[in-house]
Amino acid sequence: MSIVHNLGFPRIGAKRELKFWLESYWKGELPAEELLKNARGLREKHWLLQRGAGVDRVPVGDAALYDHVLDALVLVGALPKRFKLDAASLDLKGYFTLARGDATHHAMEMTKWFDTNYHYLVPEWRADTAFFANPARLVEQVREAKALGVTAKPVLVGPLTLLWLGKSKDGSQPLELIAKLAEAYVGVLEALAAEGVDWVQIDEPILALDLPAEWREAFAPVYAKLAEVRVKLLLATYFGSVAQHAALIAALPVAGVHLDLTRAPEQLDAFLPAWPENRVLSAGVVNGRNVWRTGLSAALVQLENARQKLGDKLWIAPSCSLLHSPIDVAQETELDVELKTWLAFAVQKLNELKLLKRGVVNGRGDIANELAASDFVQASRRNSPRVHRLEVATRLAKLAPNADRRDSAYPLRAKKQAAWLKLPLLPTTTIGSFPQTAEIRAARAAFKRGELSDADYKTAMQKEIALAVREQEALGIDVPVHGEAERNDMVEYFGEQMTGYLFTRHGWVQSYGSRCVKPPVIYGDVARPKAMTVEWSAYAQSLTDKPMKGMLTGPVTMLQWSFVRDDAPRSLVCKQLALALNDEVLDLETAGIRVIQIDEPALREGLPLKSADWDGYLAWAGEAFRLSSSGVDDATQIHTHMCYSEFNDILPAIAALDADVITIETSRSDMELLTAFGDFEYPNEIGPGVYDIHSPRIPAEEEIERLLTKALAVIPARRLWVNPDCGLKTRGWPEVKAALANMMTVTRNLREKLAATATA
Ligand SMILES: CN1c2c(nc(N)[nH]c2=O)NC[C@@H]1CNc1ccc(C(=O)N[C@@H](CCC(=O)N[C@@H](CCC(=O)N[C@@H](CCC(=O)O)C(=O)O)C(=O)O)C(=O)O)cc1
Ligand SMILES: N[C@@H](CCS)C(=O)O
Ligand SMILES: [Zn+2]
């Protein structure tokens, strides 16, 4: 019998319940036992919900309390050595110390999960990293599921993917650990088999990447070892085609393979003719990375094709875990009725899978009404006048070929900027946001509920802006910011003010740990009807003589962190965003804001997974950034900011953005990135982050000094800025003030030292 299975479910809860429990626990307000009890209740609710929606095999083990990669490390006993914690006896306190750090440990590094906006904790490898099977928690969850009558399919991060995602901390090659790691996986699988588990999903998304030969070759021996355990393995691949590894995958002793047929539908034809007999094909035909209702007719064509060859060996699934999808459209009671019919979140996606199963098993006639409804929705989206705007298309068509170029090259611009900015050596700034306090969020919530008037909300936000400016003046920050108090989120805020965007009330998606984002949805042509930030920035400028830095989210990040229409190329949508943002840049300049930061933290995350596609992407992404930042006077200083990713492999593309200044996260990786910037001789100004903003820990002066000294060894002082790694919205004011005060003290001391050396 063909079945429906799911690769993973959003774990935060329809009302972000897990987020609130976690944060209460961290504040000491919720006891550990309560957190554990609540989390168990939530995952059980999700299992039953999935079963109720027609999922025959329900994923178990995906409901991490903080991060599934951290859970995978606990499962194989490979916690970073520096924490001196034992995986077998790890309690909640230890688990969260790994994730969030404490007074004596900096948190595990965090980076993007492939090309998503989800952040995982980076494993730390050493030649002597030891592993052991530590399956107790997973086994317990399998038992919980069984007790509820749910058919559990445990989900594991695959061993090769786990190794790949980690970083060597001692220069050794992570792949050398594979034999030891495979032993631990065998132990885990044996424990699951002993529980009567028949299928285990083992995720190897790295198969969507171009892998070096030694990594490709490592698959066969590892999977041969795992195949010794009497449990069926479903090798799950997603986020792209794995056809380049078809021979390797065909030869693996696994009982099933999952393919992402939404990102890479063409791979079905590549795989199907030589599909090994008796192997299950899990067809990922419902997009887990987007919010659009599936075109059921088209998906059925794929499934019918596969079923003809495979019969009941065909399984039906979402393209990837639904972790990246909001939970339930039914909660969106305020959404425009027509637009709502275009959308499907996790719960709706599971229902689509159930229908597809009926359609493919019983024939199309069994779901004739649903197919007709689906066809109608597809046509209504395609033909809707709400999607297309003539003025946007005309503006794009008329764009001058050099519209993405500044008037002069950086060296001349730098002189003109220095002439009016008159900044000291090692100028200091911050990345934009200051603490989003409970009061700010409460004011916004009251405003949204209609309990606070426009005028009162504006006054409340201006009060916060004034506070941020005052604090920065007291600290002596050279280029202050207004603090972004008025923004719910750096992407959603802009999306709400542009045409072609819709936004939800409850469409939360986990970003990391307890932090969530509510990506706005681009359904049509994008434009900016009126200024979005000018009033706030101009107000902030009126409070200080220092040059106020305006703050925008760049076109690539707006694209990457939104759910994007699937009826136009991403490059086109990005260009529309770039022009809308350029309108804002020019309005800011006219209003006297002559330092403008255009954040692009998602530039690297948007990089295609296969290197053959990189140049194409970097060309249009770079052009979009430059389009958004051009047309300003040479003396207007354009900043950009990047964080949360490894940037070494795209340094030339970062330089090609031609921003006058880039501020970039570096401290968690101990300024490793800077060496690359130094080697590459990044031509413009750089502010490498001198402290990590993810932890409440206040960085000591010595730590900041060490990092800054490291930076000075590779970047000439005249091109070096001093700033934190990222925005400070997740922190509290006392920590922010103390951390920035240390940053300022170190900077002043270094300035004196540099001046003394210059005069000596
Ligand atoms: C820089 N980062 C961002 C990424 N992606 C984005 N889209 N935005 C980013 O900033 N990706 C990479 C990183 C990830 N980092 C973060 C950091 C912090 C958060 C975060 O703090 N998220 C908040 C939600 C923020 C938000 O949208 N707030 C709104 C709504 C607040 C709210 O919950 N309102 C309640 C009502 C409350 C009441 O009092 O009644 C409601 O709407 O139900 C706002 O401020 O108005 C979080 O809480 O998780 C995310 C990613
Ligand atoms: N300006 C934003 C950038 C985050 S990546 C902030 O400061 O929060
Ligand atoms: Zn950032």
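Residues numbered from 1 in each chain as written. Chains lettered and ligands numbered in written order. Predicted model: local features only at pLDDT ≥ 70, side-chain atom pairs only at ≥ 80, totals over all residues. Heavy atoms only, no water.

Per an unreviewed UniProt entry, the protein is named 5-methyltetrahydropteroyltriglutamate--homocysteine methyltransferase, and its organism is Crenobacter cavernae. Quoted verbatim from the Catalytic activity (unreviewed entry) field of UniProt, the annotation for the protein is "5-methyltetrahydropteroyltri-L-glutamate + L-homocysteine = tetrahydropteroyltri-L-glutamate + L-methionine". (UniProt positions renumbered as here; feature names shortened; annotations may be inferred.)

To continue, consider the sheet that holds strand 7 (residues 199-203). Pairing in this open sheet of 7 strands is parallel, and the strands run 1-5-7-8-9-10-11 from one edge to the other. Pairing within the sheet leaves two strands with one partner each, and these edge strands are strand 1 (58-60) and strand 11 (314-318). Going from strand to strand, the sheet's axes swing by 30° on average, the running direction of each strand aside. Bridge count between strand 8 (residues 232-236) and strand 9 (residues 256-260): 3 bridges; the pairing is parallel. Paired with L235 across the bridge in strand 9 is V257. (Pairing = 2+ DSSP bridges. Helix = DSSP H or I, 4+ residues; strand = E, 2+ residues; numbered from the N terminus. Axes fitted to C-alpha atoms, helices over the stretch in contact; angles between N-to-C directions.)

The final tally for this structure, using the stated rule, is 7 cavities of 30 Å³ or more. Considering only enclosed or pocket space, the second largest cavity measures out at about 70 Å³ in volume. Lining the second largest cavity, in full, are R11, L18, A39, L42, R43, H46, A63, A64 and L65. With 4 residues, the single largest contributor to the lining of the second largest cavity is helix 2 (residues 32-52). When the residues that make up the lining of the second largest cavity are grouped by side-chain class, the tally is 6 nonpolar, 1 polar and 2 charged. (1 Å grid on protein atoms, 1.4 Å probe; cavity = no way out; pocket = protein on both sides within 12 Å on 5 of 7 lines; lining within 4 Å. Points joined across faces, edges and corners; volume = space filled by probe spheres on them. Nonpolar A, V, L, I, M, F, W, Y, C, P; charged D, E, K, R; others polar.)

This part is about the environment of Y617. With respect to the secondary-structure elements, Y617 resides in helix 23 (residues 614-629). Exposure remark for Y617: the relative accessible area of 5% places this residue in the buried category. Sequence separation between Y617 and L607 is 10 residues; the distance between their C-alpha atoms is 6.7 Å. Once residues lying within four places of it in the same chain are set aside, the contact partners of Y617 are V556, A602, L603, G606, L607 and P608. There is a polar contact of 2.7 Å between the side chain of Y617 and the backbone oxygen of L603. (Buried < 20%, exposed > 50% of the residue type's maximum accessible area, 1.4 Å probe, protein only. Contact = heavy atoms within 4.5 Å. Polar contact = N/O pair within 3.5 Å; in protein donor to acceptor, adjacent residues only side chain to side chain.)

The biggest cluster of nonpolar side chains holds 232 residues, and the ones touching the most others in it are L160, L162 and Y223. Among the elements that make up this core, the one with the highest residue count is helix 7 (residues 178-194) (10 residues). When residues of this core are assigned to domains, at least three map to each of domain 1 (17-383) and domain 2 (390-755). With residues near it in sequence (within four places) discarded, L162 still touches V69, A72, L73, V76, P123, W125, V157, L181 and Y185. Counting residues in hydrophobic clusters, the runner-up holds 15 residues, among them W342, F345, L502 and V521. (Core = buried A, V, L, I, M, F, W, Y, C linked by side-chain atoms within 4.5 Å. Domains from an automatic or database assignment.)

A word on the coordination of the zinc ion (ligand 3). Looking at the zinc ion (ligand 3), one finds its protein donor set to be H641 (NE2), C643 (SG) and C726 (SG), positioned 2.1 to 2.3 Å from the metal centre. With 4 donor atoms in place around the zinc ion (ligand 3) and angles of 98 to 122° between them, the coordination shape is tetrahedral. In primary sequence terms, the donor set of the zinc ion (ligand 3) follows H-x1-C-x82-C. By relative accessible area, which is 3% here, H641 ends up buried. The class of C643 is buried, set by a relative accessible area of 2%. (Donors = N, O, S within 2.8 Å, 3.2 Å for Na, K, Ca; no water. Tetrahedral: all angles 85-135°; square planar, octahedral: opposite > 155°, others 65-115°.)

Another aspect to go through is the site of ligand 1. Residues in close proximity to ligand 1 total 24 residues, the closest being K19, R441, R444, D489 and K729. A distance of 2.8 Å separates a nitrogen atom of ligand 1 from a polar atom in the side chain of N117. Across the complex, the protein chains shield 84% of the 1,000 Å² of accessible surface that ligand 1 would expose by itself. For the shell around ligand 1, the elements supplying multiple residues, two or more each, are helix 17 (438-448), strand 13 (509-512) and strand 14 (515-517). Each residue belonging to the shell around ligand 1 can be placed in one class, and the counts come to 8 nonpolar, 6 polar and 10 charged. (Near = heavy atom within 4 Å. Areas by Shrake-Rupley, 256 points an atom, 1.4 Å probe, with all protein chains shown as cover.)

Another point: the pattern of salt bridges. Counted according to the given criterion, the structure contains 47 salt bridges. Between R626 and D404 there is a salt bridge, with the nearest N and O atoms lying 3.0 Å from each other. Residue R626 is located in helix 23, and its partner D404 is located in the loop between helix 15 (390-397) and helix 16 (410-421); the two are separated by 222 residues in the primary sequence. For R697, the salt bridge is made with E703, and the minimal N-O distance between the two is 2.7 Å. Residue classification places E703 among the partly exposed positions, given a relative accessible area of 31%. Put simply, R40, R43, E44 and E144 are held in one network by salt bridges that share partners. (Salt bridge = Lys/Arg side-chain N within 4 Å of Asp/Glu carboxyl O.)

To continue, consider the state of the cysteines. Tallied over the full model, the rule gives 0 disulfides. Free of any disulfide, C320 has its nearest neighbouring cysteine sulfur in C516, separated by 17 Å. (Disulfide = S-S within 2.5 Å.)

Next up on the list: the packing of helix 7 against helix 8 (residues 213-226). Two numbers describe how helix 7 lies on helix 8: the axes approach to 9 Å, and their chain directions differ by 30°. Classified by the angle between their axes, helix 7 and helix 8 sit roughly parallel to one another. Like other packed secondary-structure pairs, helix 7 and helix 8 cross with a definite hand, here right-handed. Contact residues: I178, A182, E183, Y185, V186 and L189 in helix 7; V222, K225 and L226 in helix 8. Among the residues forming the contact of helix 7 with helix 8, the class breakdown is 7 nonpolar, no polar and 2 charged. (Parallel < 35°, antiparallel > 145°, perpendicular 65-115°, else oblique. Left-handed = near helix turned anticlockwise from the far one by under 90°.)

Moving on to the environment of E334. Inspection of the secondary structure puts E334 in the loop between strand 11 and helix 12 (337-341). Taking the relative accessible area as the measure of exposure, E334 reaches 60% and is therefore exposed. For the pair E334 and R505, spaced 171 residues apart in sequence, the C-alpha separation works out to 7.9 Å. Engagement of the side chain of E334 in a polar contact is seen with the side chain of R505, the distance being 3.4 Å.

As a further point, take the side chain of N6. Relative to the helices and strands, N6 is located in the segment before helix 1 (17-26). For N6, the side chain forms a polar contact with the main-chain oxygen of G8, separated by 3.2 Å. A polar side-chain atom of N6 sits 2.7 Å from a polar atom in the side chain of Q50.

Attention now moves to the UniProt feature "domain: Cobalamin-independent methionine synthase MetE N-terminal" (unreviewed entry) in the protein. Sites flagged by UniProt as "domain: Cobalamin-independent methionine synthase MetE N-terminal" (unreviewed entry) map to residues 5-309. Structurally, residues 5-309 comprises 40% helix and 13% strand, and the distance from its first C-alpha atom to its last is 20 Å.

Before going further, it helps to spend a moment on the domain arrangement of the protein. For the protein, the assigned domains are domain 1 (17-383) and domain 2 (390-755). For domain 1 and domain 2, the distance between their C-alpha centres works out to 33 Å. On the domain 2 side, the residues contacting the 47 residues of domain 1 number 38 residues. Counting each side, the surface lost to burial between domain 1 and domain 2 is near 3,700 Å², with a carbon and sulfur contribution of 54%. (Buried area = accessible area lost by both parts, 1.4 Å probe.)

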